[in-house]
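Each chain, written out:
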Amino acid sequence: IPRYRKPKTKRAKRFLEKREPKLKENTKNAMLIKGGNANSTVTEVLKDIYAVKKPFAVLYKKKNITRPFEDQTSLEFFSKKSDCSLFLFGSHNKKRPNNLVLGRMFDYHVLDMIELGVEKFVSLKDVKNSKCPEGTKPMLIFAGDMFDVNEEYRRLKSLLIDFFRGPSVPSIRLAGLECVLHFTAVDGKIYMRSYKVLLKKSGCKIPRIELEEMGPSLDLVMRRTHLASDDLYKLSLKQPKALKPKKKKNISHDVFGTTYGRIHMQKQDLSKLQTRKMKGLKKRPAEKSAEGGGSKPKKSKSA
């Protein structure tokens, strides 16, 4: 049984409390690691992804001689050291040129890994347009049937969402929607494009929207994959009971988030329903006598 020493300083105590399990976990951090044989293209890709991902990222500048698909111990060590559950590993060799390995951790062990090859790359420096400020939460768009049909592409879509989604926010400010990341899967390739959103005057309350390319831009091709088993993947998605919403009877929601409630009432007798008292709705004596079962004989006046 491993023994843990009690923290001696308040700083160490805060550090350990930060890493403790929580009902609502912190925003996932990503570590960007350069392989032992990374070239200038891979280095620039890692720098640009780091610029998009900041401040929820750690960039390792030194080269690390490791092969994620053969040995994952060094990745798991760095994950625990820097408290990162996402990683991007870049390498380059003759067999797999301009190679990127995108993955995520579960309990500091590798859950999913997908290897991508960079065929074309346009960096942030090459596009001479204004950039989004650091920490901007991007909007993610996925185009292509492969993201819904193929299991590997479906898992890649989940990985990309996890990697780029940023922090969970309770509300959205229209002017804060500045960055768009667009992923297209077609003809066995994945095209990543990033745009800056420009809000133009339209003559009404809703502004006219234009997209301006700002970089980075990547043409990727899928290579090797290391996917978690269905049981382990299901376990990684498990939520604590305290976060699960309590089921309410007779309440349903549509696709737009509108709440519908069903009310159960006893059968009403509409004949006894009280309506507005109006002269025009008053029953005549003839109608009353007809309801009473015939007319009664008039009493003779006594002399």
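Here the structure is shown first, and the text comes after it.
To keep things clear, this report deals only with the structure shown in the data block. Treat the numbers as computed from the prediction; the structure is a model and nothing was measured.

Some thoughts on the overall build of the protein
Looking only at helices and strands, the protein has seven helices and 12 strands in total. At 33 Å, the protein has a C-alpha radius of gyration far larger than the 19 Å of a compact globule built from 303 residues. Summarising its shape, the C-alpha atoms of the protein cover approximately 130 × 60 × 40 Å along the three principal directions. Looking at the protein as a whole, 30% of its 303 residues are labelled buried.

Describing helix 2 (residues 40–53)
Residues that lie three or four places apart on an α-helix share one face, since the helix turns once every 3.6 residues. The first and last C-alpha atoms of helix 2 sit 20 Å apart over 14 residues, in line with the 20 Å expected at 1.5 Å per residue. Val42, Thr43, Val45, Leu46, Asp48, Ile49, Val52 and Lys53 are the residues of helix 2 that are buried.

What to know about the pattern of salt bridges
Summed over the entire model, instances satisfying the criterion amount to 14 salt bridges. For Asp162, the salt bridge is made with Arg104, and the minimal N-O distance between the two is 3.1 Å. Of this pair, Asp162 sits in helix 5 (residues 151–164) while Arg104 sits in strand 4 (residues 99–106), placing them 58 residues apart in sequence. Residue classification places Asp162 among the buried positions, given a relative accessible area of 13%. Note that Glu119 is salt-bridged to Lys189, the shortest N-O span being 3.0 Å. Here Glu119, found in strand 5 (residues 109–122), pairs with Lys189, found in strand 8 (residues 189–200); they are 70 residues apart in sequence, far enough to count as distant. The exposure class assigned to Lys189 is partly exposed, which follows from its relative accessible area of 29%.

Some words on the environment of Ile190
Positionally, Ile190 belongs in strand 8. Ile190 sits in the buried class, given a relative accessible area of 1%. Residues Ile190 and Val221 lie 31 residues apart in sequence; the distance between their C-alpha atoms is 6.1 Å. Once you skip the residues sitting within four places of it in the chain, Ile190 turns out to touch Leu116, Phe147, Tyr153, Leu156, Thr184, Leu218, Asp219, Leu220 and Met222.

Focus on the side chain of Arg104
Judged by its relative accessible area of 5%, Arg104 is buried. Engagement of the side chain of Arg104 in a polar contact is seen with the side chain of Asp112, the distance being 3.0 Å. Ignoring anything within four residues of it in the chain, the contact list for Arg104 reads Ser85, Leu86, Phe87, His109, Val110, Leu111, Asp112, Arg155, Ser158, Leu159, Asp162 and Tyr233.

Some points on a nonpolar patch on the surface
Nonpolar side chains collect at one region of the surface, where Leu174, Leu199, Ile209 and Leu211 lie side by side and expose about 390 Å² of accessible area between them. Its place among the elements puts Leu199 in strand 8. Under the relative-accessibility criterion, Leu199 is labelled partly exposed at 40%.

Description of a positive patch on the surface
A cluster of like positive charges, contributed by Lys10, Arg11, Lys13 and Arg14, occupies part of the molecular surface. Using a relative accessible area of 68% as the deciding quantity, one classes Arg11 as exposed.

A closer look at the pairing of strand 4
Each regular strand carries side chains that alternate between the two faces of the sheet. Burial within strand 4 is extensive, with seven of its eight residues counted as buried. As judged from the six bridges shared by strand 3 (residues 86–91) and strand 4, these two strands associate in the antiparallel manner. Across the sheet, the residue bridging to Phe89 is Val101, located in strand 4. With eight bridges joining them, strand 4 and strand 5 adopt antiparallel strand pairing. If you follow Val101 over to strand 5, its bridge partner there is Glu115. A loop of two residues connects strand 4 with strand 5, the two strands running antiparallel in sequence, and Asp107 in this loop sits at a positive phi of about 60 degrees.

A short note on the environment of Val255
In this structure, Val255 sits in the loop between strand 11 (251–253) and strand 12 (259–261). According to the relative accessible area criterion, Val255 is exposed, its value standing at 78%. Residues Val255 and Asp48, 207 residues apart in the sequence, show an inter-C-alpha distance of 37 Å.

Examining the nonpolar core
Ranked by internal contacts, the top residues of the largest apolar core, which has 33 residues, are Ile49 and Phe164. Ranked by size, the runner-up nonpolar core spans 13 residues in total, among them Met31, Ile33, Phe78 and Cys84.

Criteria and cut-off values
- Residues numbered from 1 in each chain as written.
- Predicted model: local features only at pLDDT ≥ 70, side-chain atom pairs only at ≥ 80, totals over all residues.
- Heavy atoms only, no water.
- Helix = DSSP H or I, 4+ residues; strand = E, 2+ residues; numbered from the N terminus.
- Rg over C-alpha atoms; globule rule 2.2 N^0.38 Å.
- Buried < 20%, exposed > 50% of the residue type's maximum accessible area, 1.4 Å probe, protein only.
- Expected span 1.5 Å × (residues − 1).
- Salt bridge = Lys/Arg side-chain N within 4 Å of Asp/Glu carboxyl O.
- Contact = heavy atoms within 4.5 Å.
- Polar contact = N/O pair within 3.5 Å; in protein donor to acceptor, adjacent residues only side chain to side chain.
- Patch = residues over 30% accessible without salt bridge, like charges linked within 9 Å, V, L, I, M, F, W, Y side chains within 5 Å.
- Areas by Shrake-Rupley, 256 points an atom, 1.4 Å probe, with all protein chains shown as cover.
- Lys, Arg positive; Asp, Glu negative; His and termini not counted.
- Charge placed at Lys NZ, Arg CZ, Asp CG, Glu CD.
- Pairing = 2+ DSSP bridges.
- Core = buried A, V, L, I, M, F, W, Y, C linked by side-chain atoms within 4.5 Å.

Remember that the coordinates give geometry; whether it matters functionally is a separate question.
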